[in-house]
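# Residue-level structural notes
Each chain, written out:
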Amino acid sequence: MKTEDIKLFHRVVETGSLVEAADILNLPKSTLSRRLQQLEDELKVKLFHRQSRSMTLTASGSHFYEKSTAMMAELEQTMFELTDAKSELTGHLRILIAPIPEMLNITRAIFKFMDANPSISVEIMVSAEPQDMIRNNIDLAFMLEDSFNENEMVARHVINEAVEFFASPEYVAKYGLPTNATELLEHNTVLFRYPNGKIFNEVPYSDEVTFKLNGNICVNNLEVSLEAALCGRGITILPTPYCQEYLDSNQLVRVFEDMPPYRGKCFLVYPSRRYISLAAQRFIDHVLVVMAGCDKNDSGLGNSVCS
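Residues numbered from 1 in each chain as written. Predicted model: local features only at pLDDT ≥ 70, side-chain atom pairs only at ≥ 80, totals over all residues. Heavy atoms only, no water.

## Overview of the overall build of the protein
The line we're drawing: Comment: elements are numbered from the N terminus, with helices defined as DSSP H or I runs of at least four residues and strands as E runs of at least two. With a 1.4 Å probe rolled over the protein chains alone, any residue whose accessible area is under 20% of its type maximum counts as buried; one over 50% counts as exposed, and the rest are partly exposed. Contact definition: two residues touch when any of their heavy atoms are within 4.5 Å. Accessibility throughout is a Shrake-Rupley quantity obtained with a 1.4 Å probe, and a residue counts as covered only by protein chains that appear here.
The helix and strand inventory of the protein stands at 10 helices and 14 strands. In the protein, buried positions account for 44% of the 307 residues. Looking at the protein alone, contacts between residues at least 24 apart form 74% of all its contacts between residues at least 6 apart. In the structure as shown, the protein presents an accessible area of about 16,000 Å², 49% of it carried by carbon and sulfur atoms.

Next up, the structure:
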């Protein structure tokens, strides 16, 4: 019995469709179907109820999925323990990155990992939209805090981001600047919606201060939020590095000059109910090493990944 066939079986279970699994794995549907049939023949059980548009597990298939998930996790861990750190890694990683200011720095960290492991191939996806990591066969994702279900993910904190309130001089001339959390409620704020649907409308700036936000514009994109602020549509909350050039050119001003910025967090996450491959584990280790030399009070990866 080939472990690769068991992995194919897992992808079909997780997508619920032979066609979708074949597309994700870049395999002909006929090849995938044949290999699943061979697996069933070896096990001498029927794993799926086959329908025209979906594949559902039989009782035996469900039992095999549960047991083989644990088995594959143990096998991967054993391989990780036995494999020398300098041994050549193989495999393919699908990595999702939220569109954050450090996106290009994360990409450079990925490139360094690929340089150290030339037999690894990587697919990088950038999206602010909700993504089912299991169904879409995504191995790892860089996601903002509160944008994923903690009960379904294993999360490693990798980046801190300074986030502040900004407004255009035109907005300030017309509406003035709030000086505290209560006054901010009287202003129009550009709201931000996370990929999981949650609106970022309550910001804990310290143990004592929480800003509640109201607004008639809601976006899920940093660039659109910035443009709304530049056009005087309202006060926006954005990462400081993202706005620095507009501060320098006096196109934006800080709203709360005397208050330290909020520290947003970005996590490297992966599904808790899927075993993690050796390549993914080594990538996580690589990112954590890269981060170890960065000041957690600054904007995460910085330029160190390029040196």
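Picking up after the structure, the text goes on.
## Overview of the packing of helix α8 (residues 222-230) against helix α9 (residues 240-248)
Using the following cut-off: Between the N-to-C directions of two axes lies an angle of 0 to 180 degrees, each axis being a line fitted to C-alpha atoms and, for a helix, fitted only over the stretch in contact. Should an angle fall under 35 degrees it is called roughly parallel, over 145 degrees roughly antiparallel, and 65 to 115 degrees roughly perpendicular, with every other angle called oblique. The handedness criterion is simple: a crossing whose near helix is rotated anticlockwise from the far helix by less than a right angle is left-handed, and one whose near helix is rotated clockwise is right-handed.
For the pair α8 and α9, the least separation of the axes is 11 Å and the interaxial angle reads 30 degrees. It follows that α8 is roughly parallel to α9 by the angle criterion. As α8 runs across α9, the sense of the crossing is right-handed. Here Leu222, Glu223, Leu226 and Leu230 of α8 lie close against α9, whose contacting residues are Tyr242, Cys243 and Tyr246.

## A few points about the confidence of the model for the protein
Selection rule: Every residue carries a pLDDT, the predictor's confidence in it, which falls somewhere between 0 and 100.
Averaged over the protein, the pLDDT score is 83; the fraction of residues at 70 or greater is 88%. The model gives residues 295-307 a pLDDT under 50, and that stretch makes 32 contacts with residues more than four places away or in other chains.

## Section: the nonpolar core
Side chains of a nonpolar character, in soluble globular proteins, are inclined to be buried together. Keep this limit in mind: Among buried residues, the Ala, Val, Leu, Ile, Met, Phe, Trp, Tyr and Cys ones that are joined through side-chain atoms within 4.5 Å form a nonpolar core.
Phe165 and Leu252 are the most contacted members of the largest nonpolar core, which totals 29 residues. Counting residues per element, the ones that place at least two in this core are β6 (153-167), β7 (189-193), α8, β12 (235-239) and α9. Grouped together as the second largest cluster of nonpolar side chains are 24 residues, Leu89, Tyr270, Ala280 and Phe283 included.

## Regarding the packing of helix α1 (residues 3-15) against helix α3 (residues 29-43)
Applied cut-off: Amino acid classes used here: Ala, Val, Leu, Ile, Met, Phe, Trp, Tyr, Cys and Pro are nonpolar; Asp, Glu, Lys and Arg are charged; the rest, including Gly, are polar.
One can describe the packing of α1 onto α3 by two numbers: an axis separation of 10 Å at closest approach and a directional angle of 115 degrees. As far as their axial angle goes, α3 and α1 are roughly perpendicular. The handedness of the crossing between α1 and α3 comes out as left-handed. Between α1 and α3, the contacting residues are Glu4, Asp5, Leu8, Phe9 and Val12 on the first element and Leu32, Arg35, Leu36 and Leu39 on the second. Taken together, the residues of the contact of α1 with α3 sort by class into six nonpolar, no polar and three charged.

## Observations regarding empty space enclosed by the protein
Stated precisely, the cut-off is as follows: Cavity and pocket criteria rest on a 1 Å grid covering protein atoms alone: a 1.4 Å probe that fits but cannot get out defines a cavity, protein on both sides within 12 Å along at least 5 of 7 lines defines an open pocket, and an atom within 4 Å of a point defines a lining residue. Grid points are joined across faces, edges and corners, and a volume is the space filled by probe spheres set on the points.
Taken as a whole and judged by the stated rule, the model has four cavities of 30 Å³ or more. Roughly 290 Å³ of internal volume is contained in the largest cavity. If you trace the largest cavity, you find 20 residues lining it, with Leu144, Val163, Tyr194, Leu222 and Pro239 closest to the centre. Going through the elements one at a time, β6, α8, β12 and β14 (262-271) are the ones with two or more residues in the lining of the largest cavity.

## So, the environment of leucine 25
Looking at the element boundaries, leucine 25 is found in helix α2 (residues 18-25). Here leucine 25 falls in the partly exposed class, since its relative accessible area comes to 24%. Put simply, leucine 25 and leucine 8 are 17 residues apart on the chain and 8.3 Å apart in space, counted from C-alpha to C-alpha. Excluding residues within four positions of it along the chain, leucine 25 makes contact with Leu8, Arg11 and Asn137.

## Digging into unusual backbone geometry
A negative phi holds for most residues other than glycine; trans holds for most peptide bonds. A positive phi is found at lysine 44, a non-glycine position, where the angle reads about 65 degrees. Tracing the backbone shows lysine 44 in the loop between α3 and β1 (48-50). The phi dihedral of asparagine 250 falls on the positive side, at around 65 degrees, and the residue is not glycine. Inspection of the secondary structure puts asparagine 250 in the loop between α9 and β13 (253-254).

## Things to note about the layout of surface pockets
Taken as a whole, the largest pocket encloses approximately 740 Å³ of empty space. The set of elements that each furnish at least two residues to the lining of the largest pocket consists of α1, α2, α4 (59-82), β3 (91-97), β14 and α10 (278-292). It is α1 that contributes the most residues to the lining of the largest pocket, five residues altogether. Looking at side-chain class alone, the lining of the largest pocket contains 15 nonpolar, seven polar and nine charged residues.

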